[in-house]
Amino acid sequence: MSDNKPENELKAPTNFIHAIIEEDLRKVKNDSRVHTRFPPEPNGYLHIGHAKSICLNFGTAAKYNGKCNLRFDDTNPVKEDVEYVDSIRDDVHWLGFDWEDREFFASDYFEQIYEFAETLVKKGKAYVCDLSAEEIAAQKGTPTRPGTESPYRNRSVEENLDLLRRMRAGEYPEGARVLRAKIDMASPNMHMRDPLMYRIIYGHHHRTGDKWCIYPMYDFAHGQCDSIENITHSICTLEFEVHRPLYDWFVKELEIFPPQQIEFARLNITYTVMSKRKLLELVKNNFVNGWDDPRMPTISGLRRRGYTPESIRNFSDIIGVAKRDNVIDVSLLEFCIREDLNKKAPRVMGVVNPVKLVITNYPEGQTEEMNAVNNPEDPESGTRKVQFSRELYIERDDFMEEPSNKFFRLAPGKEVRLKYAYIIKCESIVKDPETGEITEIHCTHDPETLSGREQSSRKVKGTLHWVSANHALEAEIRLYDRLFMSEDPEDVEEGVDYKTNLNPDSLKVMKGYVEPSVSGTKPLDKFQFERLGYFCTDSDSNDDRLVFNRTVALKDSWSKANK
RNA sequence: UGUCCGAUAGUGUAAUGGUAACACGUCUGAUUUUGGUUCAGAAGACUCCAGGUUCGAGCCCUGGUCGGACAACCA
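Note that the structure is a prediction, hence the values are computed from the model and not measured.

## Brief notes about the packing of aromatic side chains
How two aromatic rings sit relative to each other is given by the distance of their centres and the angle of their planes.
Thought 1: Scanning the model with the defined rule gives 23 aromatic pairs in all.
Thought 2: When the centroid spacing of 5.8 Å and the interplanar angle of 90 degrees are considered together, the rings of Tyr45 and Tyr84 count as edge-to-face. With Tyr45 in the loop between strand S1 (35–38) and helix H3 (48–63) and Tyr84 in helix H4 (residues 82–95), this residue pair connects regions lying 39 residues apart in the sequence.
Thought 3: The buried category is assigned to Tyr45, whose relative accessible area is 14%.
Thought 4: Classification of Tyr84 by relative accessible area gives buried; the value is 9%.
Thought 5: Taken together, a centroid distance of 6.3 Å and an interplanar angle of 85 degrees make the contact between Tyr84 and Trp291 edge-to-face. Linking Tyr84 in helix H4 with Trp291 in the loop between helix H10 (276–284) and helix H11 (299–305), this pair joins segments that are 207 residues apart in sequence.

Shown next, in the form of structure tokens:
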């Protein structure tokens, strides 16, 4: 590397967008300024696909010493709400990005956008059309057949201007008239066939109230908003690619600053849906418990589930950015959170599906405090004490009455290590005479094998986690599985709804126990329950009632081998 | 029977005319008081097809094939 080049040129582009930007920088386009924006519509909660866009836009700005704005695209009062504005702000901040004082709303520019409309009318490039929505649709043609021109297309500039002003003044009912760009009804690009610029809506806007009764269409607002904010690179998803000629047309006719739009492929993940419409439907019809249900791919859902901002940023980074359609395996997301939490999450013992274990040769009423390592991956994290006594709970899955020879855990006559405690041997089991269910497992321990003593180095095949029955804290533990059973939930036969792919077992609520050291835990605290997975204290949790979400299970080569 | 866009291991993403690489996943083995982690290794791609340009093509050109987007007074 030579050091006489600007810093920007030293970094290898990591994706095609950065390659374009670096080429622009080389040409000193826009005075080598890089300014991006994240432009959500406040009509729903942000999801992991938005996170990809947020990371791309803010990340790109940071990489090239530029800026990134947060702008709410609020041009449709009937769908938008402050609840969504607030959640979007929270989510972007939580992900770790800061837009400083650059928080904007498309509605901030309504007056300016209206001026743009008058400008086009005066240039003879826009006209008021009295056709109904149905008539306009009918005259639009099809992708392979040209449309026909509106009978109102050639109104005079004076008449158009008068009509437009009276539209704004509220003289006409909703749907009576629209403002259209006068472009080309025969264009092979449907978006160029005299697209709508303004429509009449008497809805109450979450910011401008009842000031306006005409609202710009997205296509007539978005490009100009970018221009007003001097956005150099307008990064958006592929479906807007065919809109680009229209945005460029408006910018050219208006003679305003031209942002460069670059489109990338939106994120898809296996076993989930990613459209706001479908996510809204799942929420509204109570298929999930709200936007932040830990099964949702929303940012708020992932947060509640126990994902960290770092893990999501890293995920966004390694999935890359390209133009081809893609479906990311959900196991990659899971890899990212495991990798992050492995380093950070304190280890703790918790039993999710408990069965009682009695150490028959251990003195009744005796308690010992065992030394436990908080995180073997983090030497700084220290140790803690865990109470041990005669009656314990262990995981039901850790015992098998008739084990295969690959089963390293507890079985009649077999020895196993209790982590941080003793090596025990199973002597007998007690069953419920009615159901045949195992109610107690009776073992003996070898006092010489206490963890740390010489005898404890004896080799045994398995090590189990446990909690002391008299000391452990009761907890509700929520086990999540994928929301959909099918890798592509939307891949259904004609007439079949994607919701038939919903996984009926996506949530299992367990009554379990955790070691006492977790008392006082607060929502969003993260733990690794040894041998089980990563867990996060839920927002329903409090000092009287502990509730944990399983973020993700540990990799489990035992259960995999059993399939 | 239109316009635009795309096509590289199972899944993603690199390779910017010069030996197809990386991550996840999969499979071995070692270590391990987490069947986790870590470490070592393996398998897996005639780069959609056919032509062309070139000493040389995943990359450039032409034609096909397949996939996606576009016909809301949504964004």
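## Some thoughts on the environment of Arg550
Thought 1: Its place among the elements puts Arg550 in strand S25 (residues 546–553).
Thought 2: In sequence terms Arg550 and Arg305 are 245 residues apart; their C-alpha atoms lie 7.0 Å from each other.
Thought 3: Beyond its immediate sequence surroundings of up to four residues, Arg550 is in contact with Arg305, Arg478, Leu479, Tyr480, Tyr534 and Phe535.
Thought 4: From its side chain, Arg550 meets the backbone oxygen of Tyr480 in a polar contact 3.4 Å long.

## Some points on helix H5 (residues 110–122)
Thought 1: Between its terminal C-alpha atoms H5 stretches 18 Å, which fits the 18 Å expected from 13 residues at 1.5 Å a residue.
Thought 2: Within the span of H5, buried status applies to Phe110, Ile113, Tyr114, Phe116, Ala117, Glu118, Leu120 and Val121.
Thought 3: One or two residues past the end of H5 sits Gly124, with phi positive at roughly 75 degrees.

## Digging into the protein's contact with RNA strand B
Thought 1: Near RNA strand B lie 70 residues; those nearest to it are Arg324, Arg347, Ser451, Gln528 and Lys560.
Thought 2: His191 is positioned with one of its side-chain polar atoms (N or O) 2.9 Å from a sugar or linking oxygen of RNA strand B.
Thought 3: Here a phosphate oxygen of RNA strand B sits 2.9 Å away from a polar atom, N or O, in the main chain of Tyr218.
Thought 4: Within the residue set of the surface near RNA strand B, elements represented by two or more residues are strand S6 (196–200), helix H13 (330–344) and helix H14 (557–561).
Thought 5: At 4 residues, H13 tops the list of elements feeding residues into the surface near RNA strand B.
Thought 6: Grouping the amino acids of the surface near RNA strand B by side-chain chemistry returns 26 nonpolar, 21 polar and 23 charged.

## Here we look at the nonpolar core
The nonpolar side chains of a soluble globular protein tend to be buried with one another.
Thought 1: Grouped together as the largest cluster of nonpolar side chains are 38 residues, with contacts concentrated most on Ile48, Ile54, Val92 and Phe315.
Thought 2: Where this core is concerned, the elements lending two or more residues are H3, strand S2 (67–72), H4, H11, helix H12 (309–319) and H13.
Thought 3: In this structure Ile54 touches Phe38, Leu46, Gly59, Val92, Leu95, Phe97 and Ile299, once residues within four positions along its chain are discounted.
Thought 4: Judged by nonpolar contacts, the second largest core, of 35 residues, contains Tyr109, Ile113, Ala126 and Tyr172.

## Concerning the pairing of S25
Thought 1: Judged by how many residues are buried, S25 sits mostly within the fold: 6 of 8 residues are covered.
Thought 2: Sheet topology note: the strand S21 (residues 473–480)/S25 ladder contains 4 bridges and is parallel. Directly across from Arg478, in S25, lies its bridge partner Asn549.
Thought 3: Pairing between strand S24 (residues 533–537) and S25: 5 bridges, direction antiparallel. Bridge pairing in S25 links Thr537 to Phe548.

## Some remarks on the sheet that holds strand S5 (residues 178–181)
Thought 1: Read from one edge to the other, the open sheet built from 4 strands follows the order S4-S5-S6-S7, with strand pairing classed as antiparallel. Looking along the sheet, the strands with just one partner apiece sit at the ends: strand S4 (126–129) and strand S7 (214–216). Taken over all neighbouring pairs, the strand axes of this sheet differ in orientation by 20 degrees on average, direction set aside.
Thought 2: In this sheet, S6 lies alongside S5 in antiparallel orientation, the contact comprising 3 bridges.

About the thresholds
Residues numbered from 1 in each chain as written. Chains lettered and ligands numbered in written order. Predicted model: local features only at pLDDT ≥ 70, side-chain atom pairs only at ≥ 80, totals over all residues. Heavy atoms only, no water. Phe/Tyr/Trp six-rings, centres within 6.5 Å; stacked < 30°, edge-to-face > 60°. Helix = DSSP H or I, 4+ residues; strand = E, 2+ residues; numbered from the N terminus. Buried < 20%, exposed > 50% of the residue type's maximum accessible area, 1.4 Å probe, protein only. Contact = heavy atoms within 4.5 Å. Polar contact = N/O pair within 3.5 Å; in protein donor to acceptor, adjacent residues only side chain to side chain. Expected span 1.5 Å × (residues − 1). Near = heavy atom within 4 Å. Nonpolar A, V, L, I, M, F, W, Y, C, P; charged D, E, K, R; others polar. Core = buried A, V, L, I, M, F, W, Y, C linked by side-chain atoms within 4.5 Å. Pairing = 2+ DSSP bridges. Axes fitted to C-alpha atoms, helices over the stretch in contact; angles between N-to-C directions.

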